[in-house]
Amino acid sequence: MLKGEVSKDPGAPVYYAGRAGDSLFAPGEIIPPGTRLATPTLAWFHPAVPPEPPIPYDYEVLYEDAHLIVVDKPHFLPTTSNGRVVRETVQTRLRVDYGEDHIVPLHRLDRLTAGVVICSRNPDTRGRYQRLFQDRMVRKHYKALTVHPLDVDETIILGMRKEKGSRQVKVDSSGTTTVTRVLAAGNEANLWPVTGHTHQLRVLLNHLGAPILGDDTYPMDRGLDLYDFSSPMSLLHAACEFTDPLDGRLRVFRSGRVLKSTL
């Protein structure tokens, strides 16, 4: 919230009005420097972002309309800022490429996971799509290549817990309950997560004795450098589907990527 007088300092950021019913400014309107605000006003600005080493992989657009942009994310490119990377993310690249500051991913993929990412570009309809994910009404299908063969056809329920200060998530019966449908044969696994815990699929497959090929954290945290692109993790968000809350149509989006084994 912006309060008092908007700074006239040449180094001060440019403030844009946020979307609020009691605001005197239209959404996205620049609030002029020197303006004295009678009441706190919802506003945002573009923070200064230092240069970052480029990540040499980019998204591909699978679909777009007035409400959504669906992309196929590559390995190594974060979905949103993770504290270490701000510029080199799907969200920032989309905002720059489309010139739209309201683009927001509706869900996240790990930096090392590739595949389908659904983004909202319309704040007016965003909440309706967000509720689909919150209410677990989006069916997500992942594919993985594993180090060791598996023979599994069942829904697996596991407790998981992430300890503070550790990158790894542990299997813990007293932790958060996770639910995943697994169909695996040989070194190929298909997974349909019902819940969305951090590293859920990576932890599950490692727990089953078949960690994902290229995983830098399970079974051992190898602490790979952020810009080490030599070993992509073989986990792909291959497809997702849902009933569109705006028109009732079934939406199905599929990644065009193929996992390749290096075994």
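For the structure, check the block above.
Everything numeric here is computed off the predicted structure, so don't read it as measured data.

Caption draft 1: Spatial organisation of the pattern of salt bridges. Counted by the stated rule, this structure contains 17 salt bridges. As a salt-bridge pair, Arg202 and Asp215 come within 2.7 Å of each other at their nearest N and O atoms. Separated by 13 residues along the polypeptide, Arg202 in helix 3 (residues 200-207) and Asp215 in the loop between helix 3 and strand 10 (235-243) bring together distant segments of the chain. Asp215 shares its class with Arg202; the two are buried. Through salt bridges that share partners, Asp110, Arg167, Arg202, Asp215, Asp216 and Asp221 make up one connected network.

Caption draft 2: Focus on the state of the cysteines. Enumeration according to the criterion identifies 0 disulfides in this entry. As a non-bridged cysteine, Cys119 has Cys240 as the owner of its nearest cysteine sulfur, 11 Å distant. Residue Cys119 is classed as buried on the basis of its relative accessible area, which comes to 0%.

Caption draft 3: Up close: the side chain of Arg93. Of note, Arg93 is situated in helix 1 (residues 90-98). For Arg93, a relative accessible area of 12% translates into the label buried. Those residues within four positions of Arg93 in sequence are excluded, and the remaining contacts are Ile55, Tyr57, Asp58, Tyr59, Leu77, Arg87 and Glu88.

Caption draft 4: Structural context of the pairing of strand 10. Of all 9 residues in strand 10, 7 are buried; the element is thus mostly enclosed. Bridge count between strand 6 (residues 114-120) and strand 10: 2 bridges; the pairing is parallel. Bridging from a neighbouring strand, Gly115 pairs with His237 of strand 10. In this sheet, strand 10 lies alongside strand 7 (residues 139-162) in antiparallel orientation, the contact comprising 6 bridges. Paired with Arg139 across the strands is Glu241, a residue of strand 10. Sheet topology note: the strand 10/strand 11 (residues 250-254) ladder contains 5 bridges and is antiparallel.

Caption draft 5: Structural view of the layout of surface pockets. Its boundaries defined by the atoms lining it, the largest pocket holds a volume of some 1200 Å³. For the largest pocket, the lining is made up of 39 residues, of which Arg108, Leu109, Asp110, Thr198 and His199 are closest to its centre. Breaking the lining of the largest pocket down by element, the ones donating at least two residues are helix 2 (123-134), strand 7, strand 9 (176-193) and helix 3.

Caption draft 6: Up close: empty space enclosed by the protein. If you walk through the whole model with that rule in mind, you get 1 cavity of 30 Å³ or more. Lining of the largest cavity is provided by Phe76, Arg111, Leu112, Asp216, Leu224, Asp225, Asp228 and Ser231. Residue composition of the lining of the largest cavity, grouped by class: 3 nonpolar, 1 polar and 4 charged.

Caption draft 7: Looking closely at the packing of aromatic side chains. Under the criterion given, the structure shown has 7 aromatic pairs. Here the aromatic rings of Tyr63 and Phe253 are separated by 5.4 Å at their centres, their planes lie at 40°, and the arrangement is tilted. Of this pair, Tyr63 sits in strand 3 (residues 60-64) while Phe253 sits in strand 11, and the two are 190 residues apart along the sequence. Taking the relative accessible area as the measure of exposure, Tyr63 reaches 23% and is therefore partly exposed. Judged by centre distance (6.3 Å) and plane angle (85°), the ring pair of Tyr227 and Phe229 falls under edge-to-face. The rings of Tyr57, Phe76, Tyr227 and Phe229 are connected pair by pair, giving a single aromatic cluster.

Caption draft 8: Up close: helix 2. Spanning 12 residues, helix 2 covers 17 Å between terminal C-alpha atoms, matching the ideal 16 Å at 1.5 Å per step. Those residues of helix 2 that fall on the buried side of the exposure criterion are Thr125, Arg126, Tyr129, Leu132 and Phe133. Projected down its long axis, helix 2 shows its buried positions confined to an angular sector of 125°, all on one face. What points out from helix 2, more than 90 degrees from its buried face, is the exposed set Asp124 and Gln134. Taken from the residues just after helix 2, Arg136 is the one with a positive phi, measuring 60°.

Procedures and definitions
- The residue count restarts for each chain, going from 1 along the sequence in the order it is written.
- For a predicted model such as this one, the threshold for reporting local features is a pLDDT of at least 70, and the threshold for listing and counting side-chain atom pairs is 80 or more; totals across whole chains, interfaces and linings nevertheless cover every residue.
- Heavy atoms throughout the structure, all of them, feed into the side-chain values; hydrogens and water do not.
- The rule for a salt bridge is simple: a side-chain nitrogen of Lys or Arg has to be within 4 Å of a carboxyl oxygen of Asp or Glu.
- The secondary structure listing takes helices from DSSP runs of H or I that are at least 4 residues long and strands from runs of E that are at least 2 residues long, numbered from the N terminus.
- Using a 1.4 Å probe on the protein chains alone, a residue whose accessible area is under 20% of its type maximum counts as buried, one over 50% counts as exposed, and one in between counts as partly exposed.
- When two cysteine sulfur atoms are found within 2.5 Å, that pair is recorded as a disulfide.
- Contact between two residues is taken to exist if any of their heavy atoms lie within 4.5 Å; hydrogens are not considered.
- When DSSP finds at least two bridges between two strands, those strands are taken to pair.
- Using protein atoms alone on a 1 Å grid, points that fit a 1.4 Å probe yet trap it form a cavity, whereas open point sets bounded by protein on both sides within 12 Å along at least five of seven lines form a pocket; residues with an atom within 4 Å of a point count as lining.
- Grid points are joined across faces, edges and corners, and a volume is the space filled by probe spheres set on the points.
- Charged residues are taken to be Asp, Glu, Lys and Arg, nonpolar residues to be Ala, Val, Leu, Ile, Met, Phe, Trp, Tyr, Cys and Pro, and polar residues to be all remaining types, Gly included.
- Between rings of Phe, Tyr and Trp, where Trp is taken as its six-membered ring, a pair exists when centres lie within 6.5 Å; planes separated by under 30 degrees are stacked, by over 60 edge-to-face, and by other angles tilted.
- Expected span of a helix: the number of residues minus one, times 1.5 Å.
- In this context, the arc is that of the directions from the helix axis out to the C-beta atoms.

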